[in-house]
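# Working through the structure, step by step
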Amino acid sequence: MRQGSGLEQAAAVPVYVVGGFLGAGKTTLLNRLLKTQKRRRLAILVNDFGAIDIDGLLVERRDSDVLTLKNGCICCSLQSDLFSTLKMLLSRSPVPEAIFIECSGVSKLQEMRRALADPILWQYAALEGVICVVNALDVITQSGITRDFLWKEQILSSDMTVLSHTDNLGKDAIQEAEAKLQALHGGVPVLSCANSLLTHEALFRLLEGKTEKSFFRAEDDVNDDFISLAWRRNSPVNLTGFRTVIDRHAAVLLRAKGILYLATAPQRALLLQMTGARITIGLAPEKALSDPDTRLVFIGRQGMLDTHALKDDLDTISA
Ligand SMILES: Nc1nc2c(ncn2[C@@H]2O[C@H](COP(=O)(O)OP(=O)(O)OP(=O)(O)O)[C@@H](O)[C@H]2O)c(=O)[nH]1
């Protein structure tokens, strides 16, 4: 076990980056990995693109440090916050045994690599691997996302891709998705969430054996393509009105998530998840109840999602 604090430690703390497009399943995968790491003292750094911390609520480890960097992207606008948070974690006593960083869905993973390759930082916190979570349904249906520069950048900058949303797919469809990803990013392991190989041991072993990545050049301003709206309201929301507003803007919403209090059950905090056309509303984690407001984040592309119109529409929903 690692002893001592911060700068006196003998070996660098391993850092794992979990990236992937909006709603791909990064938090879900992270929770799954963390469950298998119960005995280790971990620090988890979660980056939410929106101004409200939702992912911090959804990471289930209670006995670890879960820190959130919100309202921007750690690969660019929040890079200095990333450094100061890592520095703070490394100066704790005892230091964490591993650090997981969940990127926002619009983070460029090559930029994350570049940021974490700082030679001073590397002595204390060394990047062990970059995992990119990819929604298998997007790969199979070749949805619009697969033509997106950022979607490809994230895959091409990773050491390993993990296919999510495979649970409702047959074996052939999963193999098709794996083959398409291999064709895009040959030589890099593709694991499926539904695959029994996806144990933490297998995953970490694969990351340890990774080959050095060739440098993938990212365009500089990809993150400027995205825009978010953080919407808060201190009274419950009428579900029919809410659905009408969501339907009106659905075509340009890439992602929506957050905590919702409905007029029909104002005591119950609900978790809204919307990725593409798929919307689910379920019970929110208990810790969400500490804040009685409805708080939602909506993400879309600049020039397509009209955040002012969306806000105006949301504000008019009756209780
Ligand atoms: N059926 C199924 N649903 C999944 C899977 N992975 C994620 N989801 C669902 O997809 C939605 C988004 O999952 P998250 O884990 O929050 O995705 P994310 O990549 O962290 O999202 P952002 O950080 O907002 O980009 C949630 O409703 C999840 O329950 C999967 O493998 N199968």
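Residues numbered from 1 in each chain as written. Predicted model: local features only at pLDDT ≥ 70, side-chain atom pairs only at ≥ 80, totals over all residues. Heavy atoms only, no water.

## Digging into the site of the ligand
Operational definition: When we say a residue is near a molecule or strand, we mean one of its heavy atoms is within 4 Å of it. Under this definition, polar contacts are N or O atom pairs within 3.5 Å; protein pairs additionally need one hydrogen-donor-capable and one acceptor-capable atom, and for neighbouring residues in sequence, both atoms have to be side-chain atoms. Only the protein chains shown count as cover for residues, and the accessible areas themselves come from Shrake-Rupley with a 1.4 Å probe. Only protein atoms enter the calculation, which uses a 1 Å grid: trapped sets of points that fit a 1.4 Å probe without letting it out are cavities, open sets showing protein on both sides within 12 Å along at least five of seven lines are pockets, and any residue with an atom within 4 Å of a point is a lining residue. Throughout, a molecule is located in a cavity or pocket provided that more than half of its atoms lie within 2 Å of its grid points. Here a strand is any run of E in DSSP of at least two residues, a helix any run of H or I of at least four, and the numbering for each starts at the N terminus.
Neighbouring the ligand are 20 residues, the closest being Lys-26, Thr-28, His-165, Arg-255 and Lys-257. Note that an oxygen atom of the ligand is positioned 2.6 Å from one of the side-chain N or O atoms of Thr-28. Note that an oxygen atom of the ligand is positioned 3.3 Å from one of the side-chain N or O atoms of Glu-102. Taken by itself the ligand offers 650 Å² of open surface, and the protein chains cover 86% of this. One can see that the ligand is located within the largest pocket. Mapped by element, the contributors of at least two residues to the shell around the ligand are α1 (26–35), β9 (253–260), β10 (270–275) and β11 (278–283). Among the elements that line the shell around the ligand, the one with the most residues is α1, at three residues.

## A look at the pattern of salt bridges
Quick reminder of the rule: Between Lys or Arg on one side and Asp or Glu on the other, a salt bridge is scored when a side-chain nitrogen of the former is within 4 Å of a carboxyl oxygen of the latter. Using a 1.4 Å probe on the protein chains alone, a residue whose accessible area is under 20% of its type maximum counts as buried, one over 50% counts as exposed, and one in between counts as partly exposed.
One pass over the structure, following the stated rule, counts eleven salt bridges. Here Asp-293 ties to Arg-232 by a salt bridge, and the two come within 3.0 Å at their closest N and O atoms. Taken together, the positions of Asp-293 in the loop between β11 and β12 (294–301) and Arg-232 in strand β8 (residues 226–233) put the pair 61 residues apart, joining distant regions of the chain. By relative accessible area, which is 19% here, Asp-293 ends up buried. For Arg-232, a relative accessible area of 44% puts it in the partly exposed group. With its nearest N and O atoms 3.2 Å apart, the salt bridge here joins Asp-313 to Arg-248. Taken as a pair, Asp-313 in helix α11 (residues 307–315) and Arg-248 in helix α10 (residues 239–249) lie far apart in primary sequence, 65 residues in all. Under the relative-accessibility criterion, Arg-248 is labelled exposed at 53%. Residues participating in the shared-partner salt-bridge network are Arg-232, Asp-291, Asp-293 and Arg-295.

## Focus: empty space enclosed by the protein
Spelled out, the test is: Grid points are joined across faces, edges and corners, and a volume is the space filled by probe spheres set on the points. Nonpolar residues are Ala, Val, Leu, Ile, Met, Phe, Trp, Tyr, Cys and Pro. Charged residues are Asp, Glu, Lys and Arg, and all others, Gly as well, are polar.
For the structure shown, the criterion picks out two cavities of 30 Å³ or more. Put simply, the largest cavity is a space of about 40 Å³. Lining the largest cavity are Phe-242, Arg-243, Ile-246, Leu-272, Ile-279 and Ile-281. Secondary structure elements with two or more residues in the lining of the largest cavity: α10 and β11. Top element by residues in the lining of the largest cavity is α10. It accounts for three residues. Of the residues contributing to the lining of the largest cavity, the split by class is five nonpolar, no polar and one charged. For the second largest cavity, the full set of lining residues is Gly-20, Phe-21, Ala-24, Cys-132, Val-133, Val-134, Trp-151, Gln-154 and Ile-155. Those elements giving two or more residues to the lining of the second largest cavity turn out to be β5 (125–135) and α7 (149–156). Here the residues of the lining of the second largest cavity sort into seven nonpolar, two polar and no charged.

## Here we look at the layout of surface pockets
As a volume, the largest pocket reaches approximately 840 Å³. Looking at the largest pocket, it is lined by 43 residues, and the ones nearest its centre are Gly-23, Gly-25, Thr-28, His-165 and Gln-273. Of all elements in the fold, only α1, β2 (42–48), α2 (55–58), β9, β10 and β11 reach the threshold of two or more residues within the lining of the largest pocket. In terms of residue count, the dominant contributor to the lining of the largest pocket is α1 (six residues). Taken together, the residues of the lining of the largest pocket sort by class into 15 nonpolar, 15 polar and 13 charged. As for the second largest pocket, its lining consists of 21 residues, of which Ile-145, Leu-254, Thr-275, Gly-276 and Ala-277 are closest to the centre.

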